[in-house]
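So the chains spell out like this:
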Amino acid sequence: MALVRWDPFKELDLLQERISRLFDEAWLRPARRGERTWIPPVDIYETENEIVVKAELPDMDEKDIEVKIENNVLSIKGEKKLEKEEKKENYHLIESSYGSFYRSFSLPGNVDADKAIAKYEKGVLKITLPKKEEAKPKQIEVKAG
Amino acid sequence: MTELALREIEKEMNQLWENWVRPWFELGWEGEEENFPAVDILKAKDHYRMIVELPGLSEKDFSLEVDNRVLTIKGNRPEPELKDARWIRQERAYGEFLRRFQLPEEVETEKIEAKFKNGILEIHLPIRQSSKPKEIRIEVH
């Protein structure tokens, strides 16, 4: 049997590796401490008559959300604040995103910006963008000659 | 590095484990997204507060359960069925989800309360307030 010299540094390395893994797995993994901006996930779909944009903005007040259409660009911005002050609480785990956010999408030319509707419900912002009348597909009747 | 120093680290690690990691240890999750729904945990002197982000869901889409000091949040956010429509962009997570946490010993599980508003499930978990040490009078005979 070969004699192997005891190497405390190797054990320290191993310990460090285990500690890192513990942290990664247990809970520092999802935390985004210090990050002050975030990107809310957005779904966009198109029907015959409209384009619908849905942004996930949980735990917000509608007055903290700004929706704008300018030069055919739709922009959504605002700020989601951390609220914990009044109850003297400390954070144990943070996975939710907070801070300011900004997203913008260029719109196709056939959208009627004046008729856009934005609604905030159940933590989701829904923007409905109707298409211009002339942009909607028209059925042309074929007559027998 | 002496052995003593190593033992100190080990001791600290054990303490860290006992005081911070083991309570609230996540026992499991299921679903497409590892981090869905996102959970915040806050602690005050007399309570913990969990904030679970469930945007777009209704009460009937999920359930909350505490069994044997294990708290489970599970539900389903069905993918919208698009009829006569087409996706331009899809970033939101859909499908079934489950997250399970070990609650710390000090939580009074019978008194847990929850409310749901604006896509946020807020769970209030009171901490048992240990009774003050009682002084026992010693009679002198």
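Per chain, the residues get numbers from 1 upward, laid out in the order the sequence is written. By the order in which they are written, chains take letters starting at A while ligands take numbers starting at 1. pLDDT decides what is reported in this predicted model: residues at 70 or higher carry local features, side-chain atom pairs at 80 or more are listed and counted, and totals for whole chains, interfaces and linings draw on all residues regardless.

Chemist: How would you sum up the overall build of chain A? Please name residues and give values.
Modeler: Strands here mean DSSP runs of E at least two residues long; helices mean DSSP runs of H or I at least four residues long; both are numbered from the N terminus. Scanning chain A from N- to C-terminus turns up 1 helix and 8 strands. Scanning chain A from its N terminus toward the C terminus, one meets helices and strands in the order α-β-β-β-β-β-β-β-β. Among the 145 residues that make up chain A, the fraction classed as buried is 17%. Counting other C-beta atoms within 10 Å of a residue's C-beta gives its exposure: the residue is buried at 20 or more, exposed at 12 or fewer, and partly exposed in between, where C-beta atoms are placed from the backbone.

Chemist: Got a sec to walk through the sheet that holds strand S2 (residues 39-43) of chain B? Specific residues and values, please.
Modeler: Strand order across the open sheet formed by 5 strands is S5(A)-S2(B)-S3(B)-S9(B)-S8(B), with antiparallel pairing between neighbours. Edge positions in the sheet fall to strand S5 (90-93) of chain A together with strand S8 (113-117) of chain B, since each has one partner strand and no second. Between one strand axis and the next, the sheet turns through 25° on average, direction left out of account. Any two strands with at least two DSSP bridges between them are considered paired. Two elements, S2 of chain B and strand S3 (residues 47-53) of chain B, share 5 bridges in a ladder whose sense is antiparallel. Within S3 of chain B, the position partnered with Ile-41 of chain B by the bridge is Met-50 of chain B. Lines fitted to the C-alpha atoms define the axes, with helices restricted to the stretch that makes contact. Angles between their N-to-C directions range from 0 to 180 degrees.

Chemist: Tell me what's going on with the environment of Phe-101 of chain A, and back it up with residues and numbers.
Modeler: Residues and elements named next belong to chain A. Here Phe-101 shows up in strand S6 (residues 99-106). Residue Phe-101 is classed as partly exposed on the basis of its C-beta count, with 19 C-beta atoms lying within 10 Å. A C-alpha to C-alpha distance of 7.3 Å links Phe-101 and Pro-40, two positions 61 residues apart in sequence. Among residues more than four places away in sequence, those in contact with Phe-101 are Thr-37, Trp-38, Ile-39, Pro-40, Lys-77 and Gly-78. Two residues qualify as a contact pair if the distance between their C-beta atoms, derived from the backbone, is within 7 Å.

Chemist: Would you mind going over the pairing of strand S4 (residues 62-67) of chain B in detail, with residue names and values included?
Modeler: Residues and elements named next belong to chain B. With respect to burial, S4 is a largely exposed element, only 0 of its 6 residues being buried. Of the pairings in the sheet, the one linking S4 to strand S5 (residues 70-77) comprises 6 bridges and is antiparallel in character. Bridge pairing in S5 places Phe-62 opposite Gly-75. Counted along the chain from S4 to the antiparallel partner S5, the turn is 2 residues long, and its residue Asn-68 has a positive phi close to 55°.

Chemist: Can you tell me about the sheet that holds strand S4 (residues 73-80) of chain A, naming the residues and giving the values?
Modeler: Residues and elements named next belong to chain A. With respect to topology, 3 strands assemble into an open sheet ordered S3-S4-S6, the strand pairing being antiparallel. In this open sheet, the two edge strands, each paired with only one partner strand, are strand S3 (65-70) and S6. Here the average twist between neighbouring strands, direction ignored, is 10°. Sheet analysis places S4 next to S6, joined by 8 bridges and oriented antiparallel. Bridged to Lys-77 within S6 is Tyr-102.

Chemist: Describe in detail the interface of chain A and chain B, supporting the description with residues and values.
Modeler: Interface extent is often summarised as the accessible area lost during association of the parts. Counting residues at the interface gives 32 residues for chain A and 34 residues for chain B. For the side of chain A that touches chain B, the secondary-structure elements that each account for two or more residues are helix H1 (8-28), strand S1 (42-47) and S5 of chain A. Gly is placed with the polar residues, together with every amino acid not listed as nonpolar (Ala, Val, Leu, Ile, Met, Phe, Trp, Tyr, Cys and Pro) or charged (Asp, Glu, Lys and Arg). Residues that form the side of chain A that touches chain B fall into these classes: 16 nonpolar, 5 polar and 11 charged. Pairing geometry for S5 of chain A and S2 of chain B, over 3 bridges, is antiparallel. Opposite Tyr-91 of chain A, over in S2 of chain B, you have Leu-42 of chain B as the bridge partner.

Chemist: Please set out the nonpolar core residue by residue, giving values where relevant.
Modeler: Here, a nonpolar core denotes buried Ala, Val, Leu, Ile, Met, Phe, Trp, Tyr and Cys residues that are linked to one another through C-beta atoms within 7 Å. Membership of the largest hydrophobic core comes to 21 residues, with the highest contact counts inside it found for Val-39, Ile-41, Tyr-48, Met-50, Val-52, Leu-121 and Leu-125 of chain B. The next biggest cluster of nonpolar side chains, apart from the first, holds 13 residues, and it includes Val-42, Ile-76, Tyr-120 and Val-124 of chain A.

Chemist: Pulling in residues and values, what's your account of unusual backbone geometry?
Modeler: All names here are of chain B. Of note in the backbone geometry, Asn-68 takes a positive phi value of approximately 55° without being a glycine. By the secondary structure assignment, Asn-68 is in the loop between S4 and S5. For Asn-68, a count of 7 C-beta atoms within 10 Å translates into the label exposed. The phi dihedral of Asn-118 falls on the positive side, at around 50°, and the residue is not glycine. With 18 C-beta atoms packed within 10 Å, Asn-118 lands in the partly exposed category.

Chemist: Go over the confidence of the model for chain A, please, and point to the residues and values.
Modeler: Looking at chain A, pLDDT values average 81 and 80% of them are 70 or higher. Of the regions scoring below 50 in pLDDT, residues 25-33 of chain A engages in 12 contacts with residues more than four places distant in sequence or in other chains. pLDDT is a per-residue confidence score from the predictor, ranging from 0 to 100.

Chemist: Account for the confidence of the model for chain B, with residues named and values stated.
Modeler: Here chain B shows a mean pLDDT of 84. Residues at 70 or above account for 84%. Across chain B, the secondary-structure element scoring lowest on mean pLDDT is strand S1 (residues 26-31) of chain B, at 67, and the one scoring highest is strand S9 (residues 120-126) of chain B, at 95.

Chemist: Go over the environment of Lys-132 of chain A with me, naming the residues and quoting the values.
Modeler: Here Lys-132 of chain A lies in the segment after strand S8 (124-130). The sequence separation of Lys-132 of chain A and Asn-110 of chain A amounts to 22 residues, and the corresponding C-alpha distance is 5.6 Å.

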